[in-house]
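Coordinate inspection notes
Chain by chain, the residues:
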Amino acid sequence: MTYLIGYLAVLLPFGAVDAIWLSLMGPRLYKPTLGDILLTDVRIGPAIAFYLIYPVGLLVFAVMPGLKSGSPAAVVGYGALFGALAYATYDLTNFATLRNWTLQLTMLDIVYGAAASAFAAFVSFLVVRTFSNA
């Protein structure tokens, strides 16, 4: 039950923060930079797959180690590291292979991924700790 609660407690805040980020930054950052390489409609299947898979990584590599150590700082640090590494993989690959992809977009997206991941992992840590102590 701990894993299910932890998973949902990562999925929901990460999804909410990502929805806000994409709705605010899509028109301001991504669309002007990427222009005609963006699809007009999101491919829902790959998007759903990402949102189902990514929380597993945060749970395994940030939340659970933080719960084991009892350290909120560890959760935030591991969550930020996981997010930075995951987003860097995507962003640096795009920067290396796509003509429209910029260094500014790469850096902002990596920082965002680290921050959003740290936040979602921390929320999950608090929720799991609360439910396990209840």
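Residues numbered from 1 in each chain as written. Predicted model: local features only at pLDDT ≥ 70, side-chain atom pairs only at ≥ 80, totals over all residues. Heavy atoms only, no water.

A closer look at a nonpolar patch on the surface
A surface patch of nonpolar side chains, about 450 Å² in accessible area, is lined by M1, L4, L8 and L12. Here L8 lies in helix α1 (residues 2-34). Judged by relative accessible area, L8 falls into the partly exposed class, the value being 38%. (Patch = residues over 30% accessible without salt bridge, like charges linked within 9 Å, V, L, I, M, F, W, Y side chains within 5 Å. Areas by Shrake-Rupley, 256 points an atom, 1.4 Å probe, with all protein chains shown as cover. Salt bridge = Lys/Arg side-chain N within 4 Å of Asp/Glu carboxyl O. Helix = DSSP H or I, 4+ residues; strand = E, 2+ residues; numbered from the N terminus. Buried < 20%, exposed > 50% of the residue type's maximum accessible area, 1.4 Å probe, protein only.)

What about the environment of R129?
On the secondary structure map, R129 appears in helix α4 (residues 103-133). Overall, the relative accessible area of 34% leaves R129 in the partly exposed class. Here the alpha-carbon distance between R129 and L67, two residues 62 residues apart in the chain, equals 7.4 Å.

Things to note about the nonpolar core
Counting 23 residues, the largest nonpolar core has F14, Y30, Y54, L58, L105 and A121 as its most contacted members. Mapped onto this core, the elements with two or more residues apiece are α1, α2 (44-69), α3 (72-97) and α4. Among the elements that line this core, the one with the most residues is α1, at 8 residues. Ignoring any residue separated from it by four or fewer positions in sequence, one finds A121 in contact with L58, A62, V63, V75 and G79. (Core = buried A, V, L, I, M, F, W, Y, C linked by side-chain atoms within 4.5 Å. Contact = heavy atoms within 4.5 Å.)

A few points about the UniProt feature "transmembrane region" (unreviewed entry) in the chain
Per the UniProt annotation, the sites labelled "transmembrane region" (unreviewed entry) are residues 43-64, 71-90 and 110-128. Helix makes up 95% of residues 43-64 and strand makes up 0%, while its end C-alpha atoms are separated by 31 Å. Annotated as 100% helix and 0% strand, the span residues 110-128 places its first and last C-alpha atoms 27 Å apart. (UniProt positions renumbered as here; feature names shortened; annotations may be inferred.)

Quick look at the packing of α2 against α4
In helix packing, the relevant descriptors are the interaxial angle and the interaxial distance, both defined with respect to the helix axes. One can describe the packing of α2 onto α4 by two numbers: an axis separation of 9 Å at closest approach and a directional angle of 60 degrees. The angle between α2 and α4 places the two elements in the oblique class. Crossing of α2 against α4: the hand is right-handed. For the pair formed by α2 and α4, the contact residues are Y54, L58, L59, A62, V63, G66 and L67 on the first element and G113, S117, A120, A121, S124, F125, V128 and R129 on the second. Tallied by class, the residues present in the contact of α2 with α4 amount to 10 nonpolar, 4 polar and 1 charged. (Axes fitted to C-alpha atoms, helices over the stretch in contact; angles between N-to-C directions. Parallel < 35°, antiparallel > 145°, perpendicular 65-115°, else oblique. Left-handed = near helix turned anticlockwise from the far one by under 90°. Nonpolar A, V, L, I, M, F, W, Y, C, P; charged D, E, K, R; others polar.)

Quick look at the confidence of the model for the chain
Here the chain shows a mean pLDDT of 96. Residues at 70 or above account for 99%. Within the chain, α1 has the poorest average pLDDT of any element, 95, and α3 the best, 98. (pLDDT = per-residue confidence, 0-100.)

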